[in-house]
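These are the residues of each chain, in order.
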Amino acid sequence: EELIATLVHSVSKGGNLIMNVGPTGRGLFDSRALAKLDDFAAWMKLNGRSVYGCTEAPDGFKAPENTLLTYSPQTGKLYIHLLVYPGKALAVDFGGRIAYAQFLHDASELQVRKTPQTAEQRLYKHGGEDLWQIQLPATCPAVVNPVIEVVLR
């Protein structure tokens, strides 16, 4: 999880990551390093679109709490990396710009809904802007750091 979060953090800032894995004195790769690389490769097989060719999100997109954002300039898609699973919904400030959302690992569609504000939220937090939530399953999918792929309007 830490390696994946480090990679995504680098990409979300417009950078990249080089992992330094070298052989042992006998010229073989350590079994622990190979196991970590296998885990990393399995995550990339499902979520590579959120990393390859991606960079930081455009101005105006604020990452929700406990997430990182990456963006593909070629496809115009935004990726929300869930570092901590938020439960049944993820509040986003840019919900009105979402045309479609899905989990990247299995392509399951996620509903995006406008939610009413309380008077306190209107006064202290969000002004007159609408609040939006991406509806999520109650339990976290059985993948490390799930990624939401967002098609923007």
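Residues numbered from 1 in each chain as written. Predicted model: local features only at pLDDT ≥ 70, side-chain atom pairs only at ≥ 80, totals over all residues. Heavy atoms only, no water.

Attention now moves to the sheet that holds strand β7 (residues 131-135). Pairing is antiparallel across the open sheet formed by three strands, whose spatial order is β3-β7-β6. Either end of the sheet is taken by a strand with one partner, and the two such strands are β3 (89-92) and β6 (112-115). Each neighbouring strand pair of the sheet contributes to a mean axis angle of 35 degrees, computed without reference to strand direction. Sheet topology places β3 next to β7; four bridges connect them, and they run antiparallel. Paired with L90 across the strands is I134, a residue of β7. (Pairing = 2+ DSSP bridges. Helix = DSSP H or I, 4+ residues; strand = E, 2+ residues; numbered from the N terminus. Axes fitted to C-alpha atoms, helices over the stretch in contact; angles between N-to-C directions.)

In this section: helix α1 (residues 2-12). Taken as a whole, α1 has its buried residues at I4, L7, V8, S10, V11 and S12. Looking at the buried side of α1, the elements it contacts are α2 (31-47), β1 (67-72) and β2 (77-82). One or two positions beyond α1, positive phi appears at G14, with a value near 85 degrees. (Buried < 20%, exposed > 50% of the residue type's maximum accessible area, 1.4 Å probe, protein only. Contact = heavy atoms within 4.5 Å.)

What follows is about the layout of surface pockets. Size it by volume and the second largest pocket reaches roughly 220 Å³. Lining the second largest pocket, in full, are E1, L3, I4, K36, D39, F40, A42, W43, L46, N47, V143 and V144. Contributions of two or more residues to the lining of the second largest pocket are made by α1 and α2. Sort the elements by how many residues they give to the lining of the second largest pocket and α2 lands first, with seven residues. Residue composition of the lining of the second largest pocket, grouped by class: eight nonpolar, one polar and three charged. (1 Å grid on protein atoms, 1.4 Å probe; cavity = no way out; pocket = protein on both sides within 12 Å on 5 of 7 lines; lining within 4 Å. Points joined across faces, edges and corners; volume = space filled by probe spheres on them. Nonpolar A, V, L, I, M, F, W, Y, C, P; charged D, E, K, R; others polar.)

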